[in-house]
Amino acid sequence: MTWTHTFNSSPDADLKGALRKDFHWGYATAAAQVEGAWNKDGKGESIWDKLCHTPGKVKDGSTNEDAARSYDLYKEDVALMKSYGVNAYRFSLAWSRIIPLGGADDPINERGVQYYNELIDELLANNITPFVTLFHWDTPQALEDRYGGMLNQEKYTPDFLRYARVCFERFGGRVKHWITYNEPGVYTLAGYAAGVHAPGRSSFRDRNEEGDSSTEPFIVAHTELVSHAKAVKIYREEFKPTQKGVIGITLHGNYSEPWDVNDPKDVAAAERARQFEIAWFADPIYGSGDYPQCMRDQLGDRLPTFTEEESTLVKGSSDFYGMNTYTTFFVKHLNEPADINDHKGNVEKLDTNSEGKSRGPESDTYWLRTAPEGFGKLLRWVWNRYHVPIYMTENGTTAKGETAPTEDVLNDTFRIDFYNGYVRELAQAVQDGVDIRSYFGWTFTDNWEWAAGYTDRFGVTYVDFDTPEKKRYPKRSAYFLRDYFKHLIAED
Ligand code: NOJ
């Protein structure tokens, strides 16, 4: 049975045709989470390949060696996506599949290039627009070994730029939507502050042998910002005139609500939390060209400074605001001075507010709860602060107790409620004048959720990871979103 959904009653009925005719919608994925084929056809090792082969680093002890096998199954996947009604697909390129050792003078792996060529061609043949992310956390391990990866801005940047250039040259004739970095903030915070993601560095010696959580996250973030801007400059000067695409960055950011709305200290704390999380990257790119003042006040010279040249380069270096967001937290001020390893703005993040109100129903992921209202506020906060078109590049949820379906379609009502709430907020924000041009659900199939392994299922397609063929079963939310976007996107 294929499910269909109708939207005859308010508020959904009032939103018919609210989204622009050329609105892009579909699903997002990342190479390391779905491709598998981790060392096939010449692919080099990435920092995630290394981390997941180190005992004790991944919750269920799994590796991403096979993941969802989308490297082998891409044709079936594109066909399934097509049946879900999408008109766009956001995926990332594995740097070490294209340049196995990663460096500016290292050889290109033609078989890796060929895989992405075939995937792009298959998408276009099905009228699905590719949105391509250059970097979704999988730094080539060789660059980490040679000079410490992004900790070494001087050595890293030319390597990244050469990789970017190869991608523009090989794929830019067909790819018109580029994203340089995915969630640079999570890459640096989880990898260098908490030390639970690759490359696994922090100040906590029970967890990591090396690292400094009080400085490295800010150094790595600076490298990401500057190398992003340099890649964009290359694209704009050398490729855009003929290829005519757009290029930008995707930032993470959940919404922060004051714990006690009547306490000015909590109101200030919530704003500070938004700035530490979002404006850290967004102000340099879309705003002042510098880090927010509240970060400078708390971090002093542990926060790098932009040279004048860097600041000019970074400011305006994104054609759009790529937004990944999932949830909302209640934020309470702290009275003690900030801890040396704090990166949140000296606040506490809580599940309930001063009146005992919960931030939303629990998913199967500890940090994630359904909170559509906060999403609506976040869209307006970003729009009012930066005034650039927003591309929603990720949003989605896990659901408790999801097991292999007994029927062909898994009826995931929890996920449907999530998507209904969030996409409705998006359409309402558009009606209020916020310029939003895409929506990508996270994610197409269940996949390898980094250090959580296969335990967190974010897909609109169930994957039976126990079978070698990684059998796919649609979830009902896939059909819900197909029908909802058909209702929301204006017709010609
Ligand atoms: C954001 C990341 O970009 C993606 O890789 C991850 O799987 C989702 N959030 C869910 O945690």
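Note that the structure is predicted; figures quoted are calculated from it, not measured.

Trainee: I would appreciate a short explanation of the overall build of the chain in the present structure.
Mentor: Secondary structure summary: the chain contains 15 helices and 13 strands in total. Dimensions along the principal axes, computed over C-alpha positions, put the chain at roughly 60 × 60 × 50 Å. Burial status across the chain gives 53% buried among its 492 residues. Taking all contacts inside the chain whose residues are at least 6 apart in sequence as the whole, residues at least 24 apart take part in 76%.

Trainee: Explain helix α8 (residues 184-193) here, please?
Mentor: With 9 of 10 residues buried, α8 lies mostly within the body of the structure. Within α8, burial applies to P184, G185, Y187, T188, L189, A190, G191, Y192 and A193. Those residues of α8 hidden inside the fold are in contact with β4 (177-182), α9 (216-243), β5 (246-252) and α10 (264-286). Two residues or fewer past α8, G195 is found with a positive phi of approximately 75 degrees.

Trainee: What is the right way to look at the site of the ligand in this model?
Mentor: All residues in the neighbourhood of the ligand are listed as A30, Q33, N182, E183, N324, E394, W442, E449 and F458. Here the shell around the ligand is built from residues that sort into 3 nonpolar, 3 polar and 3 charged.

Trainee: Looking at this structure, how should I read the sheet that holds strand β8 (residues 328-333)?
Mentor: Within a sheet, each strand pairs with its neighbour through backbone hydrogen bonds, oriented either parallel or antiparallel. Taking strand neighbours across the sheet as the criterion, the 3 strands line up as β6-β8-β9 in an open arrangement whose pairing is mixed. Pairing within the sheet leaves two strands with one partner each, and these edge strands are β6 (255-258) and β9 (347-350). Strand-to-strand twist across the sheet, computed as the mean angle between neighbouring axes with direction ignored, equals 40 degrees. Running over the sheet, α10 touches β6, β8 and β9 and is turned about 125 degrees from β8. Sitting on the sheet, helix α13 (residues 372-386) is in contact with β6 and β8, with an inclination near 105 degrees to β6.

Trainee: Sorry if this is basic, but what is going on with the pairing of strand β7 (residues 321-324) here?
Mentor: Working note: regular strand, side chains alternate between the two faces of the sheet. The side-chain alternation of β7 yields two buried faces, one formed by Y321 and M323 and the other by G322 and N324. Taken together, the 4 bridges between β5 and β7 define a ladder with parallel strand orientation. Each residue of the ladder has a partner; that of I249, found in β7, is Y321. Note: β7 against strand β10 (residues 390-394), 4 bridges, orientation parallel. By the bridge assignment for β10, N324 is matched with E394.

Trainee: For this particular structure, what's the right way to read the packing of helix α7 (residues 153-171) against α9?
Mentor: Geometrically, a packed helix pair is captured by the angle between its two axes and the distance between the axes. Running from N to C, α7 and α9 point in directions that differ by 35 degrees, and their axes come no closer than 9 Å. Handedness of the crossing formed by α7 with α9: right-handed. For the pair α7 and α9, contact is made by Q153, Y156, T157, F160, L161, A164, R165 and F168 and by H222, T223, V226, S227, K230, A231, I234, Y235 and F239, respectively. By residue class, the composition of the contact of α7 with α9 is 10 nonpolar, 5 polar and 2 charged.

Trainee: Looking at this structure, how should I read the environment of D105?
Mentor: Locating D105 in the fold gives a position in the loop between α4 (95-98) and α5 (110-125). Residues D105 and R162, 57 residues apart in the sequence, show an inter-C-alpha distance of 8.7 Å.

Trainee: Explain α9 here, please?
Mentor: In an α-helix, one turn spans 3.6 residues, which is why side chains three or four residues apart end up on the same side. Along α9, the sharpest change in direction is near 45 degrees and occurs at R236. Two residues or fewer after α9 comes K244, characterised by a positive phi angle close to 60 degrees.

Trainee: Is there a simple way to think about the sheet that holds strand β2 (residues 88-92) in this case?
Mentor: The sheet built from 8 strands closes into a barrel, its strands ordered β1-β2-β3-β4-β5-β7-β10-β11 with parallel pairing. Mean inter-strand twist for the sheet, computed between neighbouring axes without regard to direction, equals 25 degrees.

Trainee: Any chance you could explain unusual backbone geometry here in plain terms?
Mentor: Trans peptide bonds make up the majority, and among non-glycine residues the majority have a negative phi. In this structure, the amide linkage connecting S10 to the following residue, P11, adopts the cis form with an omega of 5 degrees. Note on placement: P11 falls in the segment before β1 (24-28). The phi angle at D41 is positive, at roughly 50 degrees, despite the residue not being glycine. Structurally, the position occupied by D41 is in the loop between α1 (31-34) and α2 (47-52).

Trainee: Mind showing me how you'd approach the environment of K75 here?
Mentor: Tracing the sequence through the fold places K75 in helix α3 (residues 70-83). Judged by the 12 C-beta atoms lying within 10 Å of it, K75 falls in the exposed class. Sequence spacing of K75 and A190 is 115 residues, and the spatial spacing of their C-alpha atoms is 33 Å.

Trainee: How should I be thinking about the packing of α8 against α9 in this particular structure?
Mentor: It is the contact of α8 with α9, at a shortest axis distance of 9 Å, that shows an interaxial angle of 150 degrees. The orientation of α8 with respect to α9, classified from their angle, is roughly antiparallel. Here α8 and α9 pass one another in a crossing that is right-handed. Between α8 and α9, the contacting residues are P184, G185, T188, L189, Y192 and A193 on the first element and E216, P217, V220, A221 and E224 on the second. Partitioning the contact of α8 with α9 into residue classes produces 7 nonpolar, 2 polar and 2 charged.

Trainee: Sorry if this is basic, but what is going on with the pairing of β5 here?
Mentor: Counting buried residues along β5, 6 of its 7 residues qualify, which places the element largely inside the surrounding structure. As judged from the 4 bridges shared by β4 and β5, these two strands associate in the parallel manner. Bridge assignment links I179 to a residue of β5, and that residue is G248.

Trainee: What is the right way to look at the environment of E238 in this model?
Mentor: Mapped onto the secondary structure, E238 falls in helix α9. What makes E238 partly exposed here is the crowd of 14 C-beta atoms within 10 Å. Separated by 70 residues in sequence, E238 and F168 have C-alpha atoms that sit 9.4 Å apart.

Definitions and limits used
- Residues numbered from 1 in each chain as written.
- Predicted model: local features only at pLDDT ≥ 70, side-chain atom pairs only at ≥ 80, totals over all residues.
- Helix = DSSP H or I, 4+ residues; strand = E, 2+ residues; numbered from the N terminus.
- Buried ≥ 20, exposed ≤ 12 C-beta atoms within 10 Å, placed from the backbone.
- Contact = placed C-beta atoms within 7 Å.
- Near = placed C-beta within 6 Å.
- Nonpolar A, V, L, I, M, F, W, Y, C, P; charged D, E, K, R; others polar.
- Pairing = 2+ DSSP bridges.
- Axes fitted to C-alpha atoms, helices over the stretch in contact; angles between N-to-C directions.
- Left-handed = near helix turned anticlockwise from the far one by under 90°.
- Bend = angle between axes of the 7 residues up to and from the residue.
- Parallel < 35°, antiparallel > 145°, perpendicular 65-115°, else oblique.

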